[in-house]
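Chain and residue survey
Next come the chains, spelled out residue by residue.
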Amino acid sequence: MTTQLTELDAKAAETGANATRVFQEKARGTVQTSTDRVAAVASAALAALHGVIRDYDVTYAEYDALKSWLIQVGADGEWPLFLDVFVEHVVEETVNANRQGSKGTIEGPFYVPNAPRAEGETTLPMRDDEPGTPLTFSGQVRSVDGTALAGALVELWHADALGFYSQFAPGLPEWNLRGAVVADKEGRFSFHTVQPAPYQIPHDGATGKLIAAAGWHAWRPAHLHLKVSAPGYQLVTTQLYFEGGQYNDSDIASAVKPELMIAPADGSVTYDFVLAPE
Ligand code: MBD
Ligand code: FE
């Protein structure tokens, strides 16, 4: 007998394996880096770790616990999750410190390229009985000089009302709650979807075990993920959060910014994006 799995059967190791595979597919390129820079960055990273060991008088038992935990992160496929939750926010902040236009924030581990695309307006792919409060999200894409960017691409992906992402949890249609709109002549776009729920890091993987062992909570606030791009402009990867949402002030991934708040009224909300030239 076969049993139909649902998203509630999600296992950290399967989610992690999917995230690892998706990352390997999109990050095939290697970066050209000089030996000087590798030596400088790797030495500094190791020196920072050596400093922690000295400062905290780390024992052999703790060193061995670290080793087995690191091995488990890999076995669970959770490097994309762990790094995006605890490290990516500083990379994003550093890389985009001087970029004009809309605020960005981290991409996270659950973006998949080439989602279904429509012109101007779309309803995200969803199940007939998709749970959740309906949400219409629309806006305009402009350049920093105010010009409307006709043909800009707005990609949207988010968790469902139970907090799970399609292609990473079982039982969900392939492109559930993932889609893209090509902005119209006035740079306008509109998505019909449902509000996502907060996202909880899986308990049964290495990342969840660290969170539990440290007594932290495992939640990200409810959020929409977006990528906005147009030829000749710098792509913005960002997220939008719901004003007053639970965990907005304690996001485990440190990715909430005050510029990224939306407050839907009567099921609708608008948010405009501003892109900087390349
Ligand atoms: C998410 O949904 C997410 O956006 C990030 C950054 C990490 C884990 C899950
Ligand atoms: Fe997310």
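Structure shown above.
So, here's what we can say about the structure.

Evaluated as defined, the whole model comprises ten salt bridges. A salt bridge links Glu107 to Lys26, with the shortest nitrogen-to-oxygen separation between them at 2.9 Å. Taken together, the residues Glu107 in the loop between α5 (88-95) and β1 (117-119) and Lys26 in helix α1 (residues 12-26) connect sequence positions 81 residues apart. Take Glu107: its relative accessible area is 16%, and that puts it in the buried class. On the accessibility criterion, Lys26 (35% relative accessible area) is partly exposed. With its nearest N and O atoms 3.2 Å apart, the salt bridge here joins Asp160 to Arg127. Highlighted residues: Asp160 in the loop between β4 (153-158) and β5 (178-182) and Arg127 in the loop between β2 (121-123) and β3 (134-143), separated in sequence by 33 residues.

Here we come to the packing of aromatic side chains. In this structure the tally under the stated criterion is 16 aromatic pairs. Residues Phe110 and Tyr165 carry aromatic rings whose centres are separated by 4.8 Å and whose planes lie at 45° to one another, so their mutual orientation is tilted. In this pair, Phe110 sits in the loop between α5 and β1 while Tyr165 sits in the loop between β4 and β5, placing the two residues 55 residues apart along the sequence. For the residue pair Phe110 and Tyr165, the accessibility class agrees, reading buried in each case. An aromatic cluster is built from Trp69, Trp79, Phe82, Phe86 and Trp216, whose rings are joined through pairwise contacts.

Conventions used here
- Residues numbered from 1 in each chain as written.
- Chains lettered and ligands numbered in written order.
- Predicted model: local features only at pLDDT ≥ 70, side-chain atom pairs only at ≥ 80, totals over all residues.
- Heavy atoms only, no water.
- Salt bridge = Lys/Arg side-chain N within 4 Å of Asp/Glu carboxyl O.
- Helix = DSSP H or I, 4+ residues; strand = E, 2+ residues; numbered from the N terminus.
- Buried < 20%, exposed > 50% of the residue type's maximum accessible area, 1.4 Å probe, protein only.
- Phe/Tyr/Trp six-rings, centres within 6.5 Å; stacked < 30°, edge-to-face > 60°.

Take it as geometry only, folks, not as evidence of what the structure does.
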